[in-house]
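Each chain is listed here by its residues.
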Amino acid sequence: QQPVQSPQAVILREGEDAVINCSSSKALYSVHWYRQKHGEAPIFLMILLKGGEQKGHDKISASFNEKKQQSSLYLTASQLSYSGTYFCGTELTGNQFYFGTGTSLTVIP
Amino acid sequence: DSGVTQTPKHLITATGQRVTLRCSPRSGDLSVYWYQQSLDQGLQFLIQYYNGEERAKGNILERFSAQQFPDLHSELNLSSLELGDSALYFCASSLGQGRGHIQYFGAGTRLSVL
């Protein structure tokens, strides 16, 4: 039930783009994206709902393919502050919520 | 600051002991979620409460229990502690339950079992 994220890790130079993928084997109500700095609390980035609604930060974009139970997070023109571990969270029936294993993103000057 | 308060921040205890972790949700939020984060396993969903009632269970061990009180704060009780229970425990709260509600995370309680 835990979604699978790819890649596991990525290193970018400032200004480069990245895509993080999240895939579930279960039908999803929604996909949530969070970023976590080491030892800190996860910070909300984006929610994508079944039916197309999205809520999130203006500078973050993501997609949700309901038929394939897949979501992708698009990070463009990366900044040093984008470094951290990105988690997708998937909401299933019965309010169960599962986070992926995370994608470590490092942005270097 | 997310508005979610977790206490204590750090907890060091011995195997076999029992501890209680506390979470105060954001003002107005009715749902509370508990997660365990170990080094190798990412964020594991444990349990969710909504307005005092248990609504969803994840990978929570029988040695662990939780409740949400009338004032909406929540406690996670961990008993017969083992070395493998050492982890960062996060509480999150949201306005409602189910789809579309953003979860706001507290700073976590770091539990070390020696």
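Report follows, based on the coordinates. (Residues numbered from 1 in each chain as written. Chains lettered and ligands numbered in written order. Predicted model: local features only at pLDDT ≥ 70, side-chain atom pairs only at ≥ 80, totals over all residues. Heavy atoms only, no water.)

1. Regarding the overall build of chain A
Scanning chain A for helices and strands turns up zero helices and eleven strands. Starting at the N terminus, the α and β elements of chain A follow one another as β-β-β-β-β-β-β-β-β-β-β. Since a compact globule built from 109 residues should have a radius of gyration of about 13 Å, the 13 Å found for chain A is in line with a globular shape. Dimensions along the principal axes, computed over C-alpha positions, put chain A at roughly 45 × 25 × 20 Å. Sorting the 109 residues of chain A into buried and exposed places 48% on the buried side. Considering only intrachain contacts with a sequence separation of at least 6, the fraction spanning at least 24 residues in chain A is 56%. Between the averaged position of the 9 positive side-chain charges in chain A and that of its 8 negative side-chain charges there is a distance of 6 Å. (Helix = DSSP H or I, 4+ residues; strand = E, 2+ residues; numbered from the N terminus. Rg over C-alpha atoms; globule rule 2.2 N^0.38 Å. Buried < 20%, exposed > 50% of the residue type's maximum accessible area, 1.4 Å probe, protein only. Contact = heavy atoms within 4.5 Å. Lys, Arg positive; Asp, Glu negative; His and termini not counted. Charge placed at Lys NZ, Arg CZ, Asp CG, Glu CD.)

2. Observations concerning the sheet that holds strand β1 (residues 4–6) of chain A
Residues and elements named next belong to chain A. The four strands are arranged β1-β3-β8-β7 in an open sheet whose pairing can be described as antiparallel. Both edges of this open sheet fall to β1 and β7 (61–65), since each of them pairs with a single strand only. Neighbour-to-neighbour, the strand axes of the sheet open up by a mean angle of 15°, direction not taken into account. (Pairing = 2+ DSSP bridges. Axes fitted to C-alpha atoms, helices over the stretch in contact; angles between N-to-C directions.)

3. What about the pairing of strand β5 (residues 42–50) of chain B?
Residue and element names in this part refer to chain B. Burial of β5 is extensive: eight of the nine residues sit out of reach of the surface. Across eight bridges, the pairing between strand β4 (residues 31–38) and β5 is antiparallel. Each bridged residue has a counterpart across the sheet, and for tryptophan 34 the counterpart in β5 is isoleucine 47. Sheet topology places β5 next to strand β6 (residues 53–57); four bridges connect them, and they run antiparallel.

4. Here's the deal with the interface of chain A and chain B
Each partner contributes to the interface: chain A provides 22 residues, whereas chain B provides 25 residues. At the boundary of chain A with chain B, total buried surface from both sides reaches about 1900 Å², with 57% on carbon and sulfur atoms. Taken as a group, Asn95, Phe97 and Phe99 of chain A account for 27% of the area that chain A buries against chain B, more than any other trio of residues on that side. Here chain A and chain B share zero salt bridges between them. Elements that contribute at least two residues to the side of chain A that touches chain B include exactly β4 (30–36), β5 (43–49), β9 (84–91) and β10 (97–99) of chain A. (Buried area = accessible area lost by both parts, 1.4 Å probe. Salt bridge = Lys/Arg side-chain N within 4 Å of Asp/Glu carboxyl O.)

5. Let's talk about the side chain of glutamine 68 of chain B
Residue and element names in this part refer to chain B. Inspection of the secondary structure assignment puts glutamine 68 in strand β7 (residues 64–68). Here asparagine 51 takes part through its backbone nitrogen, which lies 3.2 Å from a polar atom of the side chain of glutamine 68. Within polar-contact distance, the side chain of glutamine 68 engages the backbone nitrogen of glycine 52 at 2.7 Å. Beyond its immediate sequence surroundings of up to four residues, glutamine 68 is in contact with Leu30, Val32, Tyr49, Tyr50, Asn51, Gly52, Glu53, His73 and Ser74. (Polar contact = N/O pair within 3.5 Å; in protein donor to acceptor, adjacent residues only side chain to side chain.)

6. Overview of the sheet that holds strand β1 (residues 5–7) of chain B
Residues and elements named next belong to chain B. Here four strands make up an open sheet; going across it, the order is β1-β3-β8-β7 and the pairing antiparallel. Pairing within the sheet leaves two strands with one partner each, and these edge strands are β1 and β7. Taking each pair of neighbouring strands and ignoring which way they run, the sheet shows an average axis angle of 15°. Pairing between β7 and strand β8 (residues 74–78): five bridges, direction antiparallel. Note that in β8 the partner of glutamine 68 across the bridge is serine 74.

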